[in-house]
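These are the residues of each chain, in order.
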Amino acid sequence: RRACRLFKRGKHTGAILVNEKRFQMLMDIGFQWEIQHSFITFEQRLCELIKFKDANGHCRVPRSGDTIDLGVWCTSIKKACLYFMEGRRCTVGVSERIDKDRLKKLQDVGLFHPEMP
């Protein structure tokens with residue numbers, strides 16, 4: 001994406017060679033030039049986790065396949081919980097800021113336990 005942006009501006013593309021032909025090929029296949037960022041709240045992810053637990057009977061969400069986003073979130077949120085319990089600040093993302101209420105919700109669902117490593 002960076003090289004194509006530079007190419008469109010008429011600047012040197014660096015190590016990645018982008019020329020008119022390659023640029024047009026990307027356009028022809030519908031290449032997405034901008035990354036779509038979607039913000040998902042803590043509550044939305046928590047609901048996803050509850051649905052996953054209801055369907056699977058556990059909170060060990062794989063970080064692959066259809067559950068990759070939820071699995072990565074679970075890993076990040078557990079780390080944020082550990083930091084919170086140790087009194088350190090960990091803001092992995094705006095939605096991952098931990099407070100006592102969020103920690104309690106995660107414990108109630110079964111994702112995080114104080115004795116977890």
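In this text the structure is predicted, and so the values were computed from the model without any measurement.

K.L.:
Is there a simple way to think about helix α4 (residues 68-85) in this case?
P.N.:
Since there are 3.6 residues in each turn of an α-helix, residues three or four apart along the chain are aligned in direction. Across its 18 residues, α4 extends 26 Å between first and last C-alpha, which sits within 8% of the 26 Å expected from 1.5 Å per residue. Within the sequence span of α4, burial applies to L70, G71, W73, C74, S76, I77, A80 and C81. Looking at the buried positions of α4, the neighbouring elements they touch are α3 (42-56) and α5 (100-109). Once α4 ends, the next one or two residues include G87, with phi positive near 80°.

K.L.:
Explanation requested: the pattern of salt bridges in the structure shown.
P.N.:
Within this structure, the stated rule accounts for 3 salt bridges. Among the salt bridges present, the one from E48 reaches R45, with a minimum N-O distance of 3.1 Å. Placement of both E48 and R45 in helix α3 is noted, with a separation of 3 residues, approximately one turn of the helix. Owing to a relative accessible area of 30%, E48 belongs among the partly exposed residues under this scheme. With a relative accessible area of 11%, R45 lands in the buried category. With a shortest N-O distance of 2.9 Å, D108 and K104 are connected by a salt bridge. Remark: K104 and D108 occur in helix α5; sequence separation between them is 4 residues, near one turn of the helix. Take K104: its relative accessible area is 46%, and that puts it in the partly exposed class.

K.L.:
Even after reading the chapter, I still don't get the packing of α4 against α5, so can you show me in this structure?
P.N.:
Orientation of α4 relative to α5, taken along the N-to-C sense of each, is 125°, at an axis distance of 11 Å. By the angle between their directions, the pair α4 and α5 is classed as oblique. You can see that α4 and α5 cross each other, and the crossing is left-handed. On the side of α4, the interface is formed by W73, I77, C81, F84 and M85, while α5 contributes K100, L103 and L106. Among the residues forming the contact of α4 with α5, the class breakdown is 7 nonpolar, no polar and 1 charged.

K.L.:
What exactly am I supposed to notice about α5 here?
P.N.:
Among all positions in α5, only R102, L103, L106 and V109 are buried. Buried residues of α5 fall within an arc of 125° about the axis and therefore sit on the same side. Facing away from the buried side of α5 by over 90 degrees, the exposed positions are K100 and D108. Buried residues along α5 sit against α3 and α4.

K.L.:
What exactly am I supposed to notice about the packing of α3 against α4 here?
P.N.:
Pairs of packed helices are described in terms of their axes, by the angle between the two and the distance that separates them. Where α3 meets α4, the axes come as close as 11 Å, and the angle between the chain directions of the two elements is 110°. Here α3 is positioned roughly perpendicular relative to α4, judged by the angle of their axes. Handedness of the crossing formed by α3 with α4: left-handed. Two secondary-structure elements touch here, α3 through F42, R45, L46, E48, L49 and F52 and α4 through D69, L70, W73, C74 and I77.

Cut-offs applied
Residues numbered from 1 in each chain as written. Predicted model: local features only at pLDDT ≥ 70, side-chain atom pairs only at ≥ 80, totals over all residues. Heavy atoms only, no water. Helix = DSSP H or I, 4+ residues; strand = E, 2+ residues; numbered from the N terminus. Expected span 1.5 Å × (residues − 1). Buried < 20%, exposed > 50% of the residue type's maximum accessible area, 1.4 Å probe, protein only. Contact = heavy atoms within 4.5 Å. Salt bridge = Lys/Arg side-chain N within 4 Å of Asp/Glu carboxyl O. Axes fitted to C-alpha atoms, helices over the stretch in contact; angles between N-to-C directions. Parallel < 35°, antiparallel > 145°, perpendicular 65-115°, else oblique. Left-handed = near helix turned anticlockwise from the far one by under 90°. Nonpolar A, V, L, I, M, F, W, Y, C, P; charged D, E, K, R; others polar. Arc of directions from axis to C-beta.

Spatial relationships are all this shows, so hold off on functional conclusions.
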